[in-house]
Amino acid sequence: TGTNGKGSSVRMAAALLRAQGLSVATYTSPHLERLNERLAWDGRPVEDDVLAELVTDLARVEPTLDPALGPPSYFELVTAAAFRWFADLAVDVAVVEVGLLGRWDATNVADGRVAVITNIGRDHTDGAPGWREAVATEKAGIVKPGSTLVLGETAPELQPVFDAAGAAEIWRRDEAFGCVTNQLAVGGRVLDLRTPGASYDQVFVAAHGAHQGDNAALALAAVEAFVGRPASEEVVEEAFAGLVLPGRFEVLGHGPLVVLDGAHNPD
């Protein structure tokens, strides 16, 4: 979860996990072109016939729900379809993006071994006094007992919120992990990254924008926390060099230069 960087971090973490030979599912939102993008397995969106079967099964179950709860929301149904599919596939790992905040989000039924919080910014809030602490508390709601929290938000005043979330261990950006150097390169960035277990120098990341250095550090730390060991340099090189981040300062063409970007708040 986090105000910004969720989608990029999910794709980066999934690429790192796939490069280690794992079967990886991802659940993201919103989609850019087709609903199928939200549910992916090893980088491939769910096919139409499979999605239709999943939705049909949900339609059969919906009448059995307690009427007092009201009808499930669109997002709840899509989330249920995703988790059903991931179970059918028996994936090794699922990288799941929160839809909104965290604590009461439909995705939070997942018992995450690793929780990632990218940042706390102003979005979906009226900006009333205390909003940063309130938003941080809701996002910290994804932390499960015994899990590792990989924390990208560095504001000192918010740290007590995350300390109280119940993680067994907290890895903080710029302390346990981080992006040490971040340079512009042709087609992306060249980064020096460090995690609790390793350092990676001169890593090419096929993503535009200096902010992607922090996202790459978050993803790398999250994967290390999940598998319990650092990734090899070869894995990191393969995963980051082959990144595709649709709608994240995506260069669609040259002459004239055409860029597609979904940025929608100041952060």
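Analysis parameters
Residues numbered from 1 in each chain as written. Predicted model: local features only at pLDDT ≥ 70, side-chain atom pairs only at ≥ 80, totals over all residues. Heavy atoms only, no water. Helix = DSSP H or I, 4+ residues; strand = E, 2+ residues; numbered from the N terminus. Rg over C-alpha atoms; globule rule 2.2 N^0.38 Å. Buried < 20%, exposed > 50% of the residue type's maximum accessible area, 1.4 Å probe, protein only. Contact = heavy atoms within 4.5 Å. Areas by Shrake-Rupley, 256 points an atom, 1.4 Å probe, with all protein chains shown as cover. Expected span 1.5 Å × (residues − 1). Arc of directions from axis to C-beta. Phe/Tyr/Trp six-rings, centres within 6.5 Å; stacked < 30°, edge-to-face > 60°. Lys NZ or Arg CZ within 6 Å of the ring centre and 35° of its normal.

*Asks:* Lay out the overall build of the protein chain in plain terms, naming residues and giving numbers.
*Replies:* What the protein chain contains, in helices and strands, is 7 helices and 12 strands. What you see for the protein chain is a C-alpha radius of gyration of 19 Å, in line with the 18 Å of a compact globule of 267 residues. Considered along the principal axes of its C-alpha atoms, the protein chain spans approximately 55 × 45 × 40 Å. Looking at the 267 residues of the protein chain, the share that counts as buried comes to 45%. A sequence separation of at least 24 residues applies to 60% of the contacts in the protein chain between residues at least 6 apart. When the accessible surface of the protein chain is split by element, carbon and sulfur atoms take 55% of a total near 13400 Å².

*Asks:* So what's going on with helix α2 (residues 48-61)? Which residues, and what values?
*Replies:* Residue pairs three or four apart in sequence face the same way in an α-helix, which turns once every 3.6 residues. Helix length check: α2 (14 residues) gives 20 Å between terminal C-alpha atoms against 20 Å at 1.5 Å per residue, within 8%. Within α2 the residues assigned to the buried category are L51, L54, D57 and L58. In an axial view of α2, the angular spread of the buried residues amounts to 125 degrees, which keeps them on one side of the axis. Residues D49 and R60 are exposed on α2 and point more than 90 degrees away from its buried face. Contacts made by the buried residues of α2 are with β2 (39-41) and α3 (74-89).

*Asks:* Go over the packing of aromatic side chains with me, naming the residues and quoting the values.
*Replies:* One pair of aromatic rings is described through two measures. These are the centre distance and the angle between the planes. Summed over all chains, the structure comprises 4 aromatic pairs. A centroid spacing of 5.9 Å and a plane angle of 40 degrees characterise the contact between Y27 and F75, whose relative ring orientation is tilted. Placement of the pair is Y27 in strand β1 (residues 24-27) and F75 in helix α3, with a sequence separation of 48 residues. The class of F75 is buried, set by a relative accessible area of 18%. Here W85 and F86 contribute two aromatic rings whose centre-to-centre distance is 6.1 Å and whose plane-to-plane angle is 40 degrees, an arrangement assigned as tilted. By relative accessible area, W85 is classed as buried at 9%. Owing to a relative accessible area of 6%, F86 belongs among the buried residues under this scheme. Put simply, the rings of Y27, F75, F83, W85 and F86 touch in pairs and so form one group of aromatic residues. Sitting over the ring of W41, R44 keeps its end group 5.5 Å from the ring centre.

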